[in-house]
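# Examination of the molecular architecture
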Amino acid sequence: MQATINTFLNTIINTLTNLPFLPSCSALLLLIGFIMLTFGLTLEIGTTLLHSWIEDNNPHRKTIFGIINKIASLNQILLLLLIIMFMTMFPQSCSALVYLFYPFMTLLAFTFTIRTLIIKSKNIKLGKFNEMTHKIMQWTLTDTALVLVFVMSATFAGLLNGLPFYLDNHNKIISLFDIESCFNIQTFHIATIFLVTAITQSSIVCYIKTGLVKMKTIASVSSIILLTLISLTIIPLHMIKSPFLCTYFPTQFIIICYILLPIQAMALNICLFFANNKKMTYLALLFSCSIIKIFILLFAMILFPHFIPSSIDQSQHLGIFNSFSDINTLATIIPWLVAFLALAYTCILIMHKKILK
Amino acid sequence: MFELLHFDCMSLSQLQFRLLSCLHIAFISFNIGFGAFATLMQTINLLIGSKVKKNNHEFCAQGAKFWLKMLTISHQFALITLIPIIFSLVINWNQLIVSTGSIFGPLILCMLFAMFILEIFIILAKYLAKSTNLYSNFLSRKIMFLSVLLIIAVLTILYTLPLVAMHAMMHHPVGIEFDFLNNYGTIVSFTKILSNNISNMFWHNVFISYLTTSMIASAISAYYILKQKQIGMAINSMKIAIFFGLFSLCGTYWTGINLYTQQEQEKNTTTHEQINKNKTRIKNGMLGIKAMRNLRKEYTQEDKNLFLMHKEDIPYALLLRNFQPAERLIGTTFETVFPTLEEISQKEINNAARSALKHKIHITQFVISSIISAFTLLIFLLLLYKTLRKKIVDAKLILKTTITFFWAPIALIYINMMAKEIQRFPWLIYNIIPEYMMITKLNSQFITLSFFCFFAISLITILFAITQFIECINYNLFLYPTIETRADKTKQKEKNYAQSSNKNTQTSKMQSTPTTPSALESFAKNIASYLRNESGKEEKIAKTTDKTVAINSKKTIDSKNQSAKKTSAIGKKVDTSKLYKAQLKTRDILKKLKKKNTDTKQTRRKK
């Protein structure tokens, strides 16, 4: 019995290992996971920001926190999963990223843990013991969310710029990283787009849930800002001077995105204008979600098939086929991950439905 | 500032990782215990159910809910503490990811998978616990709740399986291969890793975690008894905790003795000859490293054969780095650390050969752990004696000792863990990879930065966890009212029924839409009385609402906007959510009234 099971497993592994697209398949899975995470994160950050704006007497404060708590618990696991996925599937590029973004990584860990601590601590009713900490944490909550958004966008933009690094003979990465190259106009531009979309998305959700007029006005104002920001994306994207991007950048895709993103933003505005109808509000939510997803897809398309482009020597790029893990582990992990991501996605859908109820 | 401190990179990153893992392990053990405890309470609830002891049945139901809540808190903190652990793994043990990412990665993924499913089931259990029909005669709902709790209890144990497997693999590597030429490790068989050394280590950990939670449960119930609140629930949970604790103590004792005898057998094999063997292995390993260096530069068959011959001895030679003078190591890479066999002294080889052996468990560890377990046994026996004689409420000294020494089994876990870590010290994976090879090649300044950052995180989490647990305990005092006798309960039920019927009549009155202005006035009064009953606030507020609502109702007939503003003004005084609903209702009514007025006007004009 055991022998037959073993042979069966071996045949599956052999067939999987013979497939040439296994590393790229794992990269695709990573991308899907990342899109899921960003969807959750944007909702979470936006709701936390809105929560800090709403007064204490407002009856819908609890409902908004209900939204945050549900999504936060799922996002936490998704974040951990994505880190470990990246660690197991592309170990070398993971270590390279650590060398390049060492201070950012420590900051990220700090912000994530403290943010989750704050959110989780509000699950239970506050007694006398925790009143002071609650008031202090209300102020820090918005700050941490902002820091998180800026860090995320800065890492993206830094990758786009083509961070300078090279590998020595023994695969040791020597980084020539400076923080100034990461914080330029482009990074702040992307960061603000992320933040504004987060606010619009969450305010639309809150409007559907609570029916407050205040939420609708916030959503409409932020959507107008989003439109102006997206229309200005051409300027920072043209400021990229990296030779890597000049050679590998898929110009057709960028043109599509230039056309698609403003159209989506326009549609969002129109939907919000006629948002008294319930169908239109749902459509607005859909458009605001898809804006972020297209942004991420754009980044992925720019970087494909490379994870970290080096600007000094183009042969030293760390890519999908250059730095993937052992083929046996990939073959064993990928079926598990497909199942896991499907499960996670259904969970997100259920939660989303519950929120919209 | 960081330059002045001058910490060693290796010791700092080791300390950091161990601190964070200590935090995480405590919450995992709570998870396992609380899950089992909640299921036990629910099973007793089901078994006793509709029989004689009605009060006991309800107390058990309350207990199941309470321990489920404690489980959710501990699970949240287990999740939160996992984030810095993984980040520290990525940041400080960078080379570990490059070389053994494909070994440790799948195991951690399995752990996360179990965690994710556990999260879903906890949400389901919360939903079932909240539903009102749960503790009525509807039996299938009860069984469903019990089955969900059972799944949670199993999943909490399954969640620890990959963790224990990882720990066991570090001590006794099975099912992996390490390629020193490319500095890369792979999994040969996943099942061997999972089933490695599982019979003793795994169950020992599970039993210890049961013991810790039973001690904590008894401490919490002792706190309730001392405060003289929730005495029924507290005594019931105390009884279960005592029996559960005694059972888990037997389990830990049995598995612990098995582990100790296993280690004693290993000790007998390691003699003076073993050190001599290690010395020869180190020398062979040096030759292997030399061949490896040549192979990296140029490929020759001779070097290849030499490398394959001494492949298994290379890690022993790598241990030499720990015993070399610090001057030689500054600014060195893998190539320059090992000069030649002639340059290394005999003393260094001797030290390396001794360090390669598994460290003997110090007898003090065994003595301390046995003393702690004996102490917990004594406490449990005293509590059992008092509960059997039904004098637990008067035994304040014993109760106070249980509260003060709730941490004793947790200390047992930490002692066990630290002993294991010391036992394995120079190796990360025994006989395969030394620890120093896996640390990031960064300056100590960076690592001190991350160390202080993660230290702050761990401190904050400890503080938050303590506040959360204390709040949960205090909050539950008010959540469940004390149930004294069945007669009182029936009286309360009757009262509740009468109140609910009153409410229903009031709400039905409110739901019916008034058509005339006089009817609207009465409607407004109804709202005020409804609010008074619902909010349960002081009479002053009720009076003000009565007046203001009455004034508003008069004004609403004249204009729509003014009334809306004033009702919102009351909203700040009374419960806002209920008033918001009432506000919406009044708006609807006003709209209908306006429509009717216009209709009547039109009909008059037509006439």
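Bear in mind the structure is a predicted one, so any value in this text is a computation, not a measurement.

Broken down by element type, chain B carries 23 helices and 4 strands. Burial status across chain B gives 49% buried among its 607 residues. When contacts within chain B are restricted to residue pairs at least 6 apart in sequence, long-range pairs at least 24 apart make up 80% of them. Summed over its atoms, the accessible surface of chain B is roughly 30,700 Å², and 61% of this surface lies on carbon and sulfur atoms.

A tally of regular secondary structure across chain A gives 14 helices and 4 strands. A burial count over chain A gives 57% of its 357 residues as buried. Surface exposure of chain A reaches about 15,700 Å², of which carbon and sulfur atoms provide 71%.

Turning to the confidence of the model for chain B, a few remarks are in order. Keep in mind that low pLDDT regions are not for reading the predicted coordinates in detail. Residues and elements named next belong to chain B. Per-residue confidence for chain B gives a mean pLDDT of 75; residues scoring 70 or more make up 71%. Of all helices and strands in chain B, the one with the weakest mean pLDDT is helix α22 (residues 560-571) (45), whereas helix α16 (residues 396-404) scores best (89). Between residues 478-487, whose pLDDT stays under 50, and residues either more than four places distant or in other chains, the model counts 12 contacts. Note on residues 507-515: pLDDT is under 50 here. Beyond four places in sequence and across chains, it has 16 contacts. For this predicted complex, the interface confidence comes out at an ipTM of 0.82, alongside a pTM of 0.77.

Taken as a whole and judged by the stated rule, the model has 27 aromatic pairs over all chains. Both rings, one in A:Phe340 and one in B:Phe113, keep their centres 5.4 Å apart while their planes meet at 45°; by these two values the pair is tilted. Placement of A:Phe340 in helix α14 (residues 327-356) and of B:Phe113 in helix α4 (residues 94-130) is noted, with the two residues assigned to different chains. For A:Phe340, a relative accessible area of 2% translates into the label buried. With a centroid separation of 4.9 Å and an interplanar angle of 70°, the aromatic rings of B:Phe375 and B:Phe405 are classed as edge-to-face. Linking B:Phe375 in helix α15 (residues 363-388) with B:Phe405 in the loop between α16 and α17 (408-423), this pair joins segments that are 30 residues apart in sequence.

All names here are of chain B. Bridge count between strand β1 (residues 176-179) and strand β2 (residues 184-187): 4 bridges; the pairing is antiparallel. Paired with Phe 178 across the strands is Gly 185, a residue of β2. Connecting the antiparallel pair β1 and β2 is a turn made up of 4 residues, with Asn 183 showing a positive phi of about 55°.

What follows deals with the packing of helix α2 (residues 9-48) of chain B against α17(B). All names here are of chain B. Relative to each other, α2 and α17 sit at 135°, their axes nearing to 11 Å. The orientation of α2 with respect to α17, classified from their angle, is oblique. Taken as a pair, α2 and α17 cross one another with a handedness that is right-handed. Counted together, Arg 18, Ser 21, Cys 22, Leu 23, Ile 25, Ala 26, Ser 29 and Phe 30 of α2 and Ile 410, Ile 413, Tyr 414, Met 417 and Glu 421 of α17 form the full contact between these two elements.

The subject of this paragraph is the interface of chain B and chain A. Counting residues at the interface gives 53 residues for chain B and 54 residues for chain A. Both faces considered, chain B and chain A share a buried interface measuring about 5,400 Å² in area, 80% of it formed by carbon and sulfur atoms. Where chain B touches chain A, the interface holds 0 salt bridges. On the surface where chain B and chain A come into contact, there are 4 residue pairs in polar contact (both at pLDDT 80 or more). Of all the elements in the fold, those that place two or more residues in the side of chain B that touches chain A are α3 (54-92), α4, β2, α18 (444-479) and α23 (576-606) of chain B. No other element matches α4(B), which puts 17 residues into the side of chain B that touches chain A. Looking at side-chain class alone, the side of chain B that touches chain A contains 35 nonpolar, 14 polar and 4 charged residues.

We now examine the pattern of salt bridges. All names here are of chain B. On inspection of all chains with the given rule, the structure shows 3 salt bridges over all chains. Of the charged contacts in the structure, one is a salt bridge between Glu 421 and Arg 18, with a shortest N-O distance of 2.8 Å. Of this pair, Glu 421 sits in helix α17 while Arg 18 sits in helix α2, placing them 403 residues apart in sequence. According to the relative accessible area criterion, Arg 18 is buried, its value standing at 16%. Arg 18 serves as the salt-bridge partner of Glu 435, at 2.9 Å between the closest nitrogen and oxygen. Of this pair, Glu 435 sits in the loop between β4 (433-434) and α18 while Arg 18 sits in helix α2, and the two are 417 residues apart along the sequence.

Further remarks concern the side chain of B:Ser102. Inspection of the secondary structure assignment puts B:Ser102 in helix α4. Apart from the residues lying within four places of it in its own chain, the contact partners of B:Ser102 are A:Ser325, A:Asp326, A:Thr329, B:Tyr184, B:Gly185, B:Thr186 and B:Ile187.

Moving on, we get to α16(B). Each full turn of the α-helix corresponds to 3.6 residues, which orients residues three or four apart in the same direction. For α16(B), the full list of buried residues reads B:Ile398, B:Leu399 and B:Thr402. Taken end-on, α16(B) shows its buried residues confined to a sector of 100°, consistent with a single buried face.

Here we take up a nonpolar patch on the surface. On the surface, A:Met266, A:Ile270, A:Phe273 and A:Phe274 cluster together into a nonpolar patch covering about 450 Å² of accessible area. Secondary-structure assignment places A:Ile270 in helix α12 (residues 251-273).

Moving on, we get to the nonpolar core. Within the largest apolar cluster, 240 residues are counted, with the highest numbers of intra-cluster contacts made by A:Leu81, B:Phe66, B:Trp67 and B:Met70. Sorting elements by how many residues they give to this core places α3(B) first, with 20 residues. In this structure, B:Trp67 is in contact with B:Phe34, B:Phe37, B:Ala38, B:Met41, B:Ala217, B:Ile220 and B:Ser237, ignoring residues within four places of it in sequence.

On to the packing of helix α9 (residues 272-297) of chain B against helix α14 (residues 346-355) of chain B, then. Residue and element names in this part refer to chain B. α14 packs onto α9 with a crossing angle of 120° between their chain directions and a minimal axis gap of 8 Å. Between α9 and α14 lies a crossing whose hand is right-handed. Where α9 approaches α14, its residues Ile 275, Asn 278, Lys 279, Ile 282 and Lys 283 are matched on the opposing element by Gln 346, Ile 349, Asn 350, Ala 352, Ala 353 and Arg 354. Across the contact of α9 with α14, the residue classes tally to 5 nonpolar, 3 polar and 3 charged.

What counts as what
Residues numbered from 1 in each chain as written. Chains lettered and ligands numbered in written order. Predicted model: local features only at pLDDT ≥ 70, side-chain atom pairs only at ≥ 80, totals over all residues. Heavy atoms only, no water. Helix = DSSP H or I, 4+ residues; strand = E, 2+ residues; numbered from the N terminus. Buried < 20%, exposed > 50% of the residue type's maximum accessible area, 1.4 Å probe, protein only. Contact = heavy atoms within 4.5 Å. Areas by Shrake-Rupley, 256 points an atom, 1.4 Å probe, with all protein chains shown as cover. pLDDT = per-residue confidence, 0-100. Phe/Tyr/Trp six-rings, centres within 6.5 Å; stacked < 30°, edge-to-face > 60°. Pairing = 2+ DSSP bridges. Axes fitted to C-alpha atoms, helices over the stretch in contact; angles between N-to-C directions. Parallel < 35°, antiparallel > 145°, perpendicular 65-115°, else oblique. Left-handed = near helix turned anticlockwise from the far one by under 90°. Buried area = accessible area lost by both parts, 1.4 Å probe. Salt bridge = Lys/Arg side-chain N within 4 Å of Asp/Glu carboxyl O. Polar contact = N/O pair within 3.5 Å; in protein donor to acceptor, adjacent residues only side chain to side chain. Nonpolar A, V, L, I, M, F, W, Y, C, P; charged D, E, K, R; others polar. Arc of directions from axis to C-beta. Patch = residues over 30% accessible without salt bridge, like charges linked within 9 Å, V, L, I, M, F, W, Y side chains within 5 Å. Core = buried A, V, L, I, M, F, W, Y, C linked by side-chain atoms within 4.5 Å.

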